[in-house]
Amino acid sequence: MHLLLILTLLGLDPRYHTYERVVAEVESLSLIYPEITKVETIGFTTWNNFPILAMKISDYPNVREDEPSLLFVGVHHAEEVLGCELSFFIIERLLQDYGKDSLITHCINTLNLWFVPILNPDGHGIVTSGIDTTWRKNLRDNNNNGLFDLDYDGVDLNRNYSFNWYTGGNDDPSSEYYKGSAPFSENETQAVRDLSLREHFLMAIDFHSARTGQGEVVYYPWRWGGDFCVDYPFVRSVADSLASSIINDAGSGVYTSIYGVATEGNFRNWLYATLGTYAYTIEISKGCTPPGYMVDSICERVFNGIIYFINRVYGPGVVLQIVDSASLIPIAAEVRVLGHYDPSLPPRMSDSLSGTFRKILLPGTYSFEIIKEGYEPLVISDITIENAPETLLVKITGVSERSTDFGSRIKINYRVNSIEFELRENFSKGARLDILDCSGRLVKTWSKELNGVEKIVWNTELQASGIYFAVLNDGDEIFLQKIPLF
Ligand SMILES: [Zn+2]
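Residues numbered from 1 in each chain as written. Predicted model: local features only at pLDDT ≥ 70, side-chain atom pairs only at ≥ 80, totals over all residues. Heavy atoms only, no water.

## Notes on the sheet that holds strand S19 (residues 442–446)
Where we set the bar: Paired strands, as defined in this entry, are two strands with at least two bridges between them according to DSSP. Put simply, DSSP marks the helices as runs of H or I at least four residues long and the strands as runs of E at least two long, and each gets a number from the N terminus on. The axes are straight lines fitted to the C-alpha atoms, using for helices just the contacting stretch, and the angles between their N-to-C directions are given from 0 to 180°.
Taken in spatial order, the four strands line up as S19-S18-S21-S22 in an open sheet, and their pairing is antiparallel. Here the strands that pair on one side only, and so sit at the sheet edges, are S19 and strand S22 (477–485). Averaged over all adjacent pairs, the angle separating strand axes in this sheet is 20 degrees, with direction ignored. One ladder, built from four bridges, connects strand S18 (residues 432–437) with S19; its direction is antiparallel. In the strand pairing of S19, aspartate 434 is matched with threonine 445.

## Points about the pairing of strand S2 (residues 51–57)
Using the following cut-off: Each residue is placed in one exposure class: buried if its accessible area under a 1.4 Å probe, protein chains only, is under 20% of its type's maximum, exposed if it is over 50%, and partly exposed if it falls in between.
Most of S2 sits out of view: six of its seven residues are buried. In the sheet, strand S1 (residues 37–44) pairs with S2 via seven bridges, with the strands oriented antiparallel. Across the sheet, residue lysine 38 finds its bridge partner in S2, namely lysine 56. In this antiparallel pair of consecutive strands, S1 and S2, the connection spans six residues, and asparagine 49 shows a positive phi of 60 degrees. Bridge analysis of S2 against strand S4 (residues 112–116) gives three bridges, and the strand direction is antiparallel. Of the residues in S4, the one forming a bridge with lysine 56 is tryptophan 114.

## Topic: the coordination of the zinc ion
The test is simple: Metal donors were taken as nitrogen, oxygen and sulfur atoms no farther than 2.8 Å from the ion, or 3.2 Å where the ion is Na, K or Ca. Water is excluded, so coordination may look unfinished. Square planar and octahedral sites, with four and six donors, are those where opposite donors lie more than 155 degrees apart and all other angles lie between 65 and 115, tetrahedral sites have four donors with every angle between 85 and 135 degrees, and the rest are irregular.
Distances from the zinc ion to its protein donors, His77 (ND1), Glu80 (OE), Glu80 (OE) and His208 (ND1), fall within 1.9 to 2.5 Å. Geometry at the zinc ion is irregular, judged from the four donor atoms that bind it and their angles of 56 to 146 degrees at the metal. Residue glutamate 80 is classed as buried on the basis of its relative accessible area of 3%. A relative accessible area of 3% places histidine 208 in the buried class.

## Some thoughts on helix H4 (residues 102–110)
Put simply, the test is: This arc is built from the directions going out from the helix axis to the C-beta atoms. Note on contacts: a residue pair is in contact if any heavy atoms of the two residues lie within 4.5 Å.
For H4, the complete set of buried residues consists of Ile104, Thr105, Cys107 and Ile108. For H4, the buried positions fall inside an angular range of 160 degrees around the axis, keeping them on one side. On its buried side, H4 packs onto S2, helix H3 (82–97), S4 and helix H9 (295–311).

## A few points about the nonpolar core
Operational definition: What makes a nonpolar core is a set of buried Ala, Val, Leu, Ile, Met, Phe, Trp, Tyr and Cys residues whose side-chain atoms join them at distances within 4.5 Å. Throughout the structure description, domain borders are defined by an automatic or database domain assignment.
In terms of nonpolar packing, the biggest core is built from 109 residues, with Leu71, Phe72, Leu113, Tyr280, Ile282, Phe368 and Ile370 touching the most fellow members. Split by domain, the residues of this core number at least three in each of domain 1 (3–314) and domain 2 (317–396). Core analysis: the next-biggest nonpolar cluster, separate from the first, contains 20 residues, Phe421, Leu433, Trp458 and Leu485 among them.

## Things to note about unusual backbone geometry
One non-glycine residue with positive phi stands out, namely glutamate 216, at about 60 degrees. In this fold, glutamate 216 is placed in the loop between strand S5 (203–208) and strand S6 (217–224). For asparagine 417, which is not a glycine, the phi torsion comes out positive at approximately 65 degrees. Looking at where asparagine 417 falls in the secondary structure, it is placed in the loop between strand S16 (410–415) and strand S17 (418–423).

## Points about the pairing of strand S13 (residues 364–371)
Along a regular strand, successive side chains alternate from one face of the sheet to the other. In the sheet, strand S11 (residues 334–337) pairs with S13 via four bridges, with the strands oriented antiparallel. Looking across to S13, one finds that valine 337 is bridged to phenylalanine 368. With six bridges joining them, S13 and strand S14 (residues 378–385) adopt antiparallel strand pairing. From the neighbouring strand, threonine 365 faces S14, where its bridge partner is threonine 384.

## Looking at the domain arrangement of the protein chain
Just so we agree on the cut-off: Throughout, buried area stands for the accessible area (probe radius 1.4 Å) lost by two parts on being put together, summed over both. Salt bridges, as used here, are contacts in which a Lys or Arg side-chain nitrogen is within 4 Å of a carboxyl oxygen on Asp or Glu. Polar contacts, as counted here, are pairs of nitrogen or oxygen atoms within 3.5 Å of one another; within protein the pair requires one atom able to donate a hydrogen and one able to accept it, and residues that are adjacent in sequence qualify only if both atoms are side-chain atoms. We call Asp, Glu, Lys and Arg charged. Ala, Val, Leu, Ile, Met, Phe, Trp, Tyr, Cys and Pro are nonpolar, and the rest, Gly among them, are polar.
In terms of domain boundaries, the protein chain breaks down into domain 1 (3–314), domain 2 (317–396) and domain 3 (402–485). A C-alpha centroid distance of 28 Å is found between domain 2 and domain 3. Listed as interface residues are five residues of domain 2 and, on the opposing side, six residues of domain 3. Buried area between domain 2 and domain 3, summed over both chains or domains, comes out near 490 Å², and the portion from carbon and sulfur atoms is 55%. Considering only the surface of domain 2 that becomes buried against domain 3, Glu376, Pro377 and Val379 emerge as the three largest contributors, covering 81% of it. Across the domain 2-domain 3 interface, the total number found is zero salt bridges. There are zero residue pairs in polar contact (both at pLDDT 80 or more) connecting domain 2 and domain 3. Grouping the constituent residues of the side of domain 2 that touches domain 3 by class yields three nonpolar, one polar and one charged.

## Points about the packing of H4 against H9
Going by this rule: Put simply, angles under 35 degrees are roughly parallel, angles over 145 are roughly antiparallel, angles from 65 to 115 are roughly perpendicular, and the rest are oblique. The sense of a crossing depends on the near helix, which, turned anticlockwise from the far helix by less than a right angle, makes the crossing left-handed and, turned clockwise, makes it right-handed.
It is at 11 Å that the axes of H4 and H9 come closest, and there the two elements cross at 50 degrees. By the angle between their axes, H4 is oblique relative to H9. By crossing handedness, the relation of H4 to H9 is classed as left-handed. Between H4 and H9, the contacting residues are Leu103, Ile104 and Cys107 on the first element and Phe303, Ile307, Ile310 and Asn311 on the second. Of the residues assigned to the contact of H4 with H9, the class counts are six nonpolar, one polar and no charged.

This is the structure in structure tokens:
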């Protein structure tokens, strides 16, 4: 018998897509729905140099609109082919129902929905062709012999991300959990990393299936040592609702949600750690390759959860549009949600093009600190969030021009438990020196005391640490100086 025929007979149920069929269907869908789709090659695979395709579904797909962006990724792990099937199921359902279903139409019009149905086409081909239906990794030539060795090659792509790469995976190339020679050593992980950094996803789901049969689970970030992540109440609430919206294969209950560990160099944790994206893993079904006839039913039930997930964008949360107060130009600034701030993680930034910062929250009252070098820090206090995103225009004010002349009038000497203001000139009768905290609240003021003395002293012993501002009002002129207190 011809070798190819044997392999085909050993391969997967024909219900499962091959990579070639994925490429053809992506192409054909983009021709049928050109107004709401865009296909992008986000990279090329490590071994075969195959294009890694992403599809964006949105109105005006070729424009980078300032809308919430969501990402769905399938097949990090080659054998977990349901991720590709589910991606296509969602894509086709969204496209077919556009203009027919009002909710789906609204989502496509107001969101950027990104799909990478197969992140690992090289490995996927090993599975769909039947060469090894339990293959997990990509096809990295670990021993550089120019051949593909089933017993030695490949990198576990979901252990190749930089966040906690050192503590995750396995160092042995022959291991199925081999993490690669370095973080982001693989083209596939680089491709989805670069897409994520560019699109700044608000939320994401990575589709997997558990070979152990321990599936039907939604994992969220994270538990690390004894601690949950700082956004625990919010990331968990989304995971709980997502999981409970999906009926299990047995029909006896729903998916469960549980924290994932932070220490394995995977995509979910990297996305959350690096960008603050609420990133989830769904372990679809109870195994990797259920019989073909079950696939539609599995996808249909998970789709119910996906619709909840997409819709969650319109629930409780905050949208801050951060601009320069003078020019109204959008600013990429750091935003801290007070009480939910982890200084060990990279700053959570507003978008560099639109200045927009989005975050999913729960109903409640929140304060936000906006930080940008060259600008006065700003705290927006006690914002009440109810059942929809609260949108605020945030104007931040540059300090550079106004602070230059302060020093020529007043010299600041930092002492233990006090600050000394050395007055270098005589001030007009109405001159006033104010100390403001970073929310703009008046902490201390001097006016007539400024006349006829060389210095005044501010006792800071009982003052909370943080950033303060000294503001000198002299006639028509205002001079400002930032004062850090530690
Ligand atoms: Zn997996």
